[in-house]
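# Coordinate inspection notes
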Amino acid sequence: MWCLQAIGSLSIGLAATAMCMPPATGATFGTVVAIGGQAADVALDEPRGVLYIANFTAARIDELSLADQTIRTSVHVAPQPSALALSPDGRYLVVAHFGNVQAPGTPTNALTVIDCSTGALRTLTLDTPPLGVAFGFDGLALIATTTEFLLLDPASGQTNFLDTVQNVSANTLPALAATPPVQIVAASLASSGDGHYIFGLTDSIRFVYDVAAHFLRVEGYTASPPMGPRVVSVARDGSYYAAGWGVFSRDGVLVAQFPDPAGLLAVGSHAIDSASGTIYAEIPQASAPASTPPMLSILDADNLTLREQLRLPENLTGRAVLNANADTLYGVSESGVLVLPVGSLSAAHRLNADHEDLVFQGSLCEHDLITQTLRITDPGGGKTAFALSTDLAGVTISPSSGQTPATVQVQVDLAAFQNRRGTVVGSLTLSSPQAVNLSPAVRILINTHRPDQRGTITDVPGKLAGVLADPQRDRFYILRQDRNQVLVFDGTGFSQIATLRTGATPTSVAMTFDRKYLLIGHDNSQLVYVYDLDSLQRQPPVVFPGGHYPRSIAASSNAILAASRVAGGPNTIDRINLTTQRAVTLTSLGVFQNSIALDTVLTAAPNGSSILAASSDGNLLLYDAAADTFTVSRKLETPLSGAYAASSFGQFLAGGTLLNASLVPTQTWSGSDFPSGFTFVDGQGLRLTSPQDPTTGSGRIEHVDLTTGAEILPTSLAEQTVTTNGVSGFTQALAPLANRNSVIALTVSGFTALAWNFDAGVAPPVIQGITNAADMTTNVAPGGLISVFGSNLSPTNTATQEMPLPTALGESCLTVNGAAIPMLFVSPGQINAQLPLHLEGTVTMTLYTPGGVSDDYFLNLLPAAPAIFESGTAGPLTGIPVVVKASNGQLVTPSNPIHVGDVITIYATGLGPTSPEVAAGDPAPVSPLAETVVSPDVRLGSVPIVVDYAGLAPGEVGVYQINARAQDGVPTGNQVPLTITQGGVTASATVRVVN
């Protein structure tokens, strides 16, 4: 738990302790420069090629040469140099000396002004301890002490009073052993790149100084844990800045927070590259094991989405600065200074895998080995050693080690998972003695669902936190928490159509009552993001009161409410005003206090009449839109988690308990399964559950009678449903779509789509005929594409873009001689698939569906069965042979005829084996091209034409292309036969040919 709020509320304080990480194992990024002391601050002087280092314990300013990263000279100054600032013209270096020495010692608080042109030093005594110094564009240095703000003119040495400081205390010297300088001073100042704004952070205040207006705004705050690391870094234009573990707008709104910070004042740092929208940061996490090495994170500046992590040789321990080109980062570190060439990452060894997930889907007819390909590369193009390991038995990796670039085969023995009814989740761990980055593990998902387990699984990588249906637009939205995104999917084909950026750690998604806007709440931002649902364009966000984090949102016809986590407590329900783009805290919840449990969720009735608030401690609240107040407060005897829902007919659901309009329990569904989703539909409840132990089964979906509580036709899902949203114990895992054709369940692989009548009895499949997919003739050959016709072939219409093609699709799988074959499309009346290689003669085809197993269908195969695709469309014309003119890239039609001398490309299937051989289901390679073993004879009329290439079309599955030339002598006319003959079989189409 960690949070930040404006002063005035209670604070839960956690003591900051020094943390010294063990040395990182393996390769690290950056060069350590030891200074023979302890650094407190740095200032960069690029024109002179120098980095100034405040050596706090040695009473000197060390000068690091930027050219060779060595200490060339040192300037002795007054004791405890704690902060540095270089004037905009580069002439003056101002040093603040923290000398708050306790009696009987004498305080040594002072400022030193060094003229960098002449080397002259001037020391000025201060009455109170200086906390930091920073220059504005006007050439004056802002000095913050424990009692006042001063402006220093470095040329004259004159200081002028600006304002007083309140509630700032200072540590005293001597400090306890092993106390770092940053923890002693416990404050930081930094200016924007243009010098127009100066920002500061202490234990109790944050402030911003507008240099041009000479205006100082100071805000008190409390934070738990403390705002560490005690560093401030600023965007070039001063529009935002980072302080401790938060990123703030100029006016003080906390727009994003680093996740799970330890709050250590003297471990970590950050620096902003505003030109590229990047933050470089080391922010230790509270939950990280003690053995975790120091890591530099590279993140998006607006919402702290993690791009990459690099191992550091030691911890950063204070300010970090980027040079003008933003290609080198200099940071205070344990030994002195850490130099990080961030602009030269391509020269460092790194590892990257081309997949986040590898999904292996078996079925009742697929129980052999499945292999998928993983590509391991160095993003910089280098050769980097790697090793791969897995935590799953039954998974083999070949090769398991090597050097980038490399193609790795990951093979799963499905027999090892046949007794599992859901999805087994494991990982591939990528490691290297050379790579400096931490490569994320690749998730392995192995599903072997049976015909009685319903639903089609779609892989969606990442930490998914909820799903919401959009009935008006036939879409649904999924929160991806680890990437700070809302993924937008089409409700008909289930394809992703957009990605929306969110703030840090999105936790809930809701729509306004008029269905115009999407509202996104966060756990690590004090903003609600707003999107126009028609344009999918982001609107200005809603700003919450200081310290309020809107974790759950619901919109009624009269009010939009948010359940907020509040720094220091109590947690509250706030009201959103989209017009003013502000949220305010309700003074009370009707006659009840506005104080809720941390884990509280909101959901609105579809008709806008009410909003249910359900809390993990069992408390329930009901907002009545007509009365514009909360009318019911009740507490259940048991804690709550899992599903929550509201109906338009005065019924509500929290966890496994059904409630009436007064939130009195009317039904309770008991059992060990976790209630992960619920919705009210068609006068019934639709309930989604998952086993507490995922090794014992898959998820389950069922209709329930809202009067009796009876469970109606419980149906097993293809895999387990989600049981957490990453932050809350409550889950939004079920979304019935508007077309009443499908139901979306959030499951461990991503989402599972079910037919609306998922619990209906399914008749066994019947295969009635099989044709060549190109021209619908009965000639078929190994490796060719086929169409299977019949009834009850699949309960859903499902197409796939997955490569290699899956052997189970839409809950159906098709076998030839007992081996599953790749499928492209399934529907109740038709399946498109690819025949395997190395078959001949009469084969047996069998189809498996949730309704049962088809009768065997006997199919005769030819060695070759060429067929020209007849699926072309040009204007009103359909069923056109797919023959393309190279000169204009358009289909050959009566208005776009073949001219003598033209090069044409003919698209076909069934041309037999190729060299190199391409496995069924795999896309054809680009290099080398897979050419047919037997060259086809191609003619216009009776005249052979020259074939330049005959083979598989690169990137396509089972599709062949023939590049040929219509040389002189070919016949002309409106109906010239174009024929392909191979292995004694001829395919024919008619085309127009002119001179």
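Residues numbered from 1 in each chain as written. Predicted model: local features only at pLDDT ≥ 70, side-chain atom pairs only at ≥ 80, totals over all residues. Heavy atoms only, no water.

To continue, consider the overall build of the chain. A tally of helices and strands in the chain yields one helix and 91 strands. Counting only C-alpha atoms, the chain reaches 105 × 75 × 55 Å along its principal axes. Taking all 995 residues of the chain together, the buried fraction comes to 57%. Nonlocal contacts in the chain, meaning residues at least 24 apart in sequence, comprise 54% of its contacts between residues at least 6 apart. Surface exposure of the chain reaches about 37300 Å², of which carbon and sulfur atoms provide 51%. One finds the centroid of the 43 positive side-chain charges in the chain at a distance of 4 Å from the centroid of its 75 negative side-chain charges. (Helix = DSSP H or I, 4+ residues; strand = E, 2+ residues; numbered from the N terminus. Buried < 20%, exposed > 50% of the residue type's maximum accessible area, 1.4 Å probe, protein only. Contact = heavy atoms within 4.5 Å. Areas by Shrake-Rupley, 256 points an atom, 1.4 Å probe, with all protein chains shown as cover. Lys, Arg positive; Asp, Glu negative; His and termini not counted. Charge placed at Lys NZ, Arg CZ, Asp CG, Glu CD.)

This part covers the packing of aromatic side chains. Applying the stated criterion to the full structure yields twelve aromatic pairs. Their ring planes at 40° and their centres at 6.0 Å tell us that W669 and F678 sit as a pair that is tilted. Accessibility assignment for this pair places W669 and F678 in one class, buried. Linked through ring pairs, Y197, F199, Y241 and F248 together constitute an aromatic cluster. The aromatic ring of Y529 is capped on one face by R538, whose charged end is 3.8 Å from the ring centroid. The ring of Y549 carries the charged tip of R565 above its face, separated from the ring centre by 4.1 Å. (Phe/Tyr/Trp six-rings, centres within 6.5 Å; stacked < 30°, edge-to-face > 60°. Lys NZ or Arg CZ within 6 Å of the ring centre and 35° of its normal.)

A word on the sheet that holds strand 35 (residues 401-403). Strand order in this open sheet of five strands is 31-38-37-33-35, and the pairing throughout is mixed. Where the open sheet ends on each side, the last strands, each with one partner, are strand 31 (357-361) and strand 35. For this sheet the average axis-to-axis angle between neighbouring strands, irrespective of direction, equals 20°. In the sheet, strand 31 pairs with strand 38 (residues 442-447) via five bridges, with the strands oriented parallel. (Pairing = 2+ DSSP bridges. Axes fitted to C-alpha atoms, helices over the stretch in contact; angles between N-to-C directions.)

Enumeration over the complete set of coordinates arrives at five cavities of 30 Å³ or more. What lines the largest cavity is a set of 17 residues, and nearest its centre among them are A40, S82, A187, S188 and R319. Looking at the lining of the largest cavity, the elements that each hand over two or more residues are strand 3 (39-45), strand 7 (81-86), strand 11 (130-135), helix 1 (181-185), strand 15 (188-191) and strand 27 (316-322). When the residues that make up the lining of the largest cavity are grouped by side-chain class, the tally is ten nonpolar, four polar and three charged. Reported here for the second largest cavity is a volume of approximately 110 Å³. Around the second largest cavity sit 16 residues that line it, and T507, R551, V601, N725 and S728 are the ones nearest its centre. Counting residues per element, the ones that place at least two in the lining of the second largest cavity are strand 45 (506-511), strand 49 (548-555) and strand 53 (600-604). Looking at the lining of the second largest cavity residue by residue, the classes come out as six nonpolar, eight polar and two charged. (1 Å grid on protein atoms, 1.4 Å probe; cavity = no way out; pocket = protein on both sides within 12 Å on 5 of 7 lines; lining within 4 Å. Points joined across faces, edges and corners; volume = space filled by probe spheres on them. Nonpolar A, V, L, I, M, F, W, Y, C, P; charged D, E, K, R; others polar.)

The topology assignment puts T657 in strand 59 (residues 657-659). Taking the relative accessible area as the measure of exposure, T657 reaches 11% and is therefore buried. Sequence-distant contacts of T657, that is, excluding residues within four places in its chain, are made with L636, F652, P665, Q667 and T668.

This brings us to the nonpolar core. Judged by nonpolar contacts, the single largest core of 50 residues is most densely connected at V232, V247, F258, I279, L518 and I520. Filtering out sequence-adjacent residues up to four positions away, V232 remains in contact with S188, A190, F199, G200, L201, Y241, A242, A243, H270 and R319. The next biggest cluster of nonpolar side chains, apart from the first, holds 34 residues, and it includes L93, A144, I198 and V211. (Core = buried A, V, L, I, M, F, W, Y, C linked by side-chain atoms within 4.5 Å.)

Counting through the fold element by element, A753 comes out in strand 67 (residues 750-755). Overall, the relative accessible area of 4% leaves A753 in the buried class. With 17 residues separating them along the chain, A753 and P736 place their C-alpha atoms 9.6 Å apart. Ignoring anything within four residues of it in the chain, the contact list for A753 reads G455, T456, F494, V743 and I744.

Moving on: the pattern of salt bridges. A side chain with one charge can pair with a side chain of the opposite charge if their charged atoms come near. Within this structure, the stated rule accounts for 28 salt bridges. Note that R350 is salt-bridged to E308, the shortest N-O span being 2.9 Å. Highlighted residues: R350 in the loop between strand 29 (336-340) and strand 30 (352-353) and E308 in strand 26 (residues 306-311), separated in sequence by 42 residues. Each member of the pair, R350 as well as E308, carries the same accessibility label: buried. Across the pair R939 and D937 runs a salt bridge, and its minimum N-O distance is 2.6 Å. D937 gets classed as partly exposed once you look at its relative accessible area, which sits at 27%. In the salt-bridge network here, residues are joined through shared partners; they are D300, D302, R307 and R501. (Salt bridge = Lys/Arg side-chain N within 4 Å of Asp/Glu carboxyl O.)

Taken in spatial order, the four strands line up as 19-20-21-22 in an open sheet, and their pairing is antiparallel. Looking at strand neighbours, the two that pair on one side only are strand 19 (232-234) and strand 22 (254-257), the edges of this open sheet. Taken pair by pair, the neighbouring strands of this sheet meet at an average axis angle of 20°, ignoring direction. Summarising the sheet, strand 21 (residues 246-249) and strand 22 pair through three bridges and their orientation is antiparallel. Paired with G246 across the bridge in strand 22 is Q257.

This part takes up the pairing of strand 14 (residues 158-164). Looking at chain direction, strand 13 (residues 148-153) and strand 14 are connected through six bridges and run antiparallel. Its bridge partner lying in strand 14, L152 is registered against T159. In this structure, the hairpin formed by strand 13 and strand 14 is closed by a connection of four residues, where G157 is found at a positive phi of approximately 80°.

Leave glycine aside and you will find that most residues have negative phi; peptide bonds, for their part, are mostly trans. Residue S915 is joined to P916 through a cis peptide bond whose omega torsion reads 0°. The topology assignment puts P916 in the loop between strand 84 (914-915) and strand 85 (931-932). A cis amide bond, omega -5°, links S927 with the succeeding residue P928. Among the secondary structure elements, P928 is positioned in the loop between strand 84 and strand 85.

So, about the side chain of T448. Inspection of the secondary structure assignment puts T448 in the loop between strand 38 and strand 39 (453-454). You can call T448 buried: its relative accessible area is 3%. Only 3.0 Å separates the side chain of T448 from the backbone oxygen of R420, close enough to count as a polar contact. Ignoring anything within four residues of it in the chain, the contact list for T448 reads G362, L414, F417, Q418, R420, G422 and Q453. (Polar contact = N/O pair within 3.5 Å; in protein donor to acceptor, adjacent residues only side chain to side chain.)

With that settled, the discussion passes to the confidence of the model for the chain. Low pLDDT marks stretches whose predicted atomic positions should not be read closely. Per-residue confidence for the chain gives a mean pLDDT of 93, with 97% of residues at or over 70. pLDDT under 50 marks residues 1-24. Its contacts with residues more than four places away, or in other chains, come to 89 contacts. (pLDDT = per-residue confidence, 0-100.)

Here the focus is the environment of L940. Position of L940 among the secondary structure elements: in strand 86 (residues 937-940). Through-space distance from the C-alpha of L940 to that of P971 is 6.9 Å; in sequence the pair is 31 residues apart. Setting aside residues no more than four positions away along its own chain, L940 makes contact with I945, A966, V970, P971, V976, P977, L978, V991 and V993.

When you line up the elements, G331 lands in strand 28 (residues 329-333). Through-space distance from the C-alpha of G331 to that of V42 is 7.4 Å; in sequence the pair is 289 residues apart. If sequence neighbours within four positions are ignored, G331 has contacts with L316, R319, A320, G336, V337 and L338.

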